[in-house]
Amino acid sequence: MNEIIFFFHILVVTFFTLGALWIGQEALIASLCVQSILSNLLVTKQITLFGLQVTSTDVFAVGCIISLNFLQEYFGKESAVKAIKINFFMLLLYLAMTQFHLWYQPNIFDTTQEHFTIILTPMFRIIIASLSVYMIVQIIDTQLYRFLKNKFSGKYLLARSIVSLVCIQFIDTVLFSFAGLYGLVESVSHIIFMSFLIKIIVIALSSPCIILSKRIMNYKKA
């Protein structure tokens, strides 16, 4: 059942990422920020996928990088850098607000504090790890993607995107698994191996998204 949900999840994230691209630069930045926050909020849920123990948010991680690459491809490096800064700020805001939520003392009628505590208590470590890894990964991605774009004179969009996505997701998976999840999950090695494998699957299945993006932008220019 999880495998079916996983493939449907990829389809839905792809649809909304393309929808954001269709709306424009601002929607794409918003999509990047929302997916980044969802990735951090939901990352502690462990699931069994293809027989191994993994987290449930790898699709969002790939969605974030695709959004960032779209910004750089169609709106320029400045847009991508702006998106990184906005996303960084939004993650800080999210971290601060979740801590305030935990600090409030519940009254005798409340039935949710226990659940919020379980979900949000690890957030401080996860967000700090995420922010640190995020800055490293996004800087590498923007530099690598720009290098590939210049190297091939703007040609071979699909190949450039796949190379960038695979390299960046490997770095992101290893760094975040140790910094954010070590001690919180059953097996970090399972998480690294399976998360990267899942991200490869997501990248492969979302490849039509990259091709469609070109058609969408050509149609908008027409």
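I will try to describe carefully the structure that is included in this document. (Residues numbered from 1 in each chain as written. Predicted model: local features only at pLDDT ≥ 70, side-chain atom pairs only at ≥ 80, totals over all residues. Heavy atoms only, no water.)

**What to know about the pairing of strand 1 (residues 46-49)**
- Burial along strand 1 is one-sided: Ile-47 and Leu-49 are buried, while Gln-46 and Thr-48, pointing the other way, are not.
- Pairing of strand 1 with strand 2 (residues 52-55), which is carried by 4 bridges, proceeds in the antiparallel orientation. Within strand 2, the position partnered with Gln-46 by the bridge is Thr-55.
- Connecting strand 1 to the antiparallel partner strand 2 that follows it, the hairpin turn spans 2 residues, and Phe-50 within it adopts a positive phi of roughly 55°. (Buried < 20%, exposed > 50% of the residue type's maximum accessible area, 1.4 Å probe, protein only. Helix = DSSP H or I, 4+ residues; strand = E, 2+ residues; numbered from the N terminus. Pairing = 2+ DSSP bridges.)

**Points about the side chain of Glu-73**
- Turning to its location among the elements, Glu-73 is positioned in helix 3 (residues 58-75).
- A polar contact is formed between the side chain of Glu-73 and the side chain of Arg-160, at a distance of 3.2 Å.
- For Glu-73, the residues in contact, after removing those within four places along its chain, are Tyr-145, Lys-149, Leu-157, Arg-160 and Lys-214. (Polar contact = N/O pair within 3.5 Å; in protein donor to acceptor, adjacent residues only side chain to side chain. Contact = heavy atoms within 4.5 Å.)

**Quick look at the packing of aromatic side chains**
- Enumeration over the complete set of coordinates arrives at 5 aromatic pairs.
- Ring geometry for Phe-15 and Phe-16: centres 5.4 Å apart, planes at 80°, overall edge-to-face. When sorted by exposure, Phe-15 lands in the same class as Phe-16, which is exposed. (Phe/Tyr/Trp six-rings, centres within 6.5 Å; stacked < 30°, edge-to-face > 60°.)

**Structural notes on a nonpolar patch on the surface**
- A cluster of nonpolar side chains, Leu-93, Met-97, Phe-100, Trp-103 and Tyr-104, forms an exposed patch at the surface whose accessible area comes to about 600 Å².
- Inspection of the secondary structure assignment puts Leu-93 in helix 4 (residues 77-103). (Patch = residues over 30% accessible without salt bridge, like charges linked within 9 Å, V, L, I, M, F, W, Y side chains within 5 Å. Areas by Shrake-Rupley, 256 points an atom, 1.4 Å probe, with all protein chains shown as cover. Salt bridge = Lys/Arg side-chain N within 4 Å of Asp/Glu carboxyl O.)

Everything listed here is a matter of geometry and, on its own, says nothing about what the molecule does.
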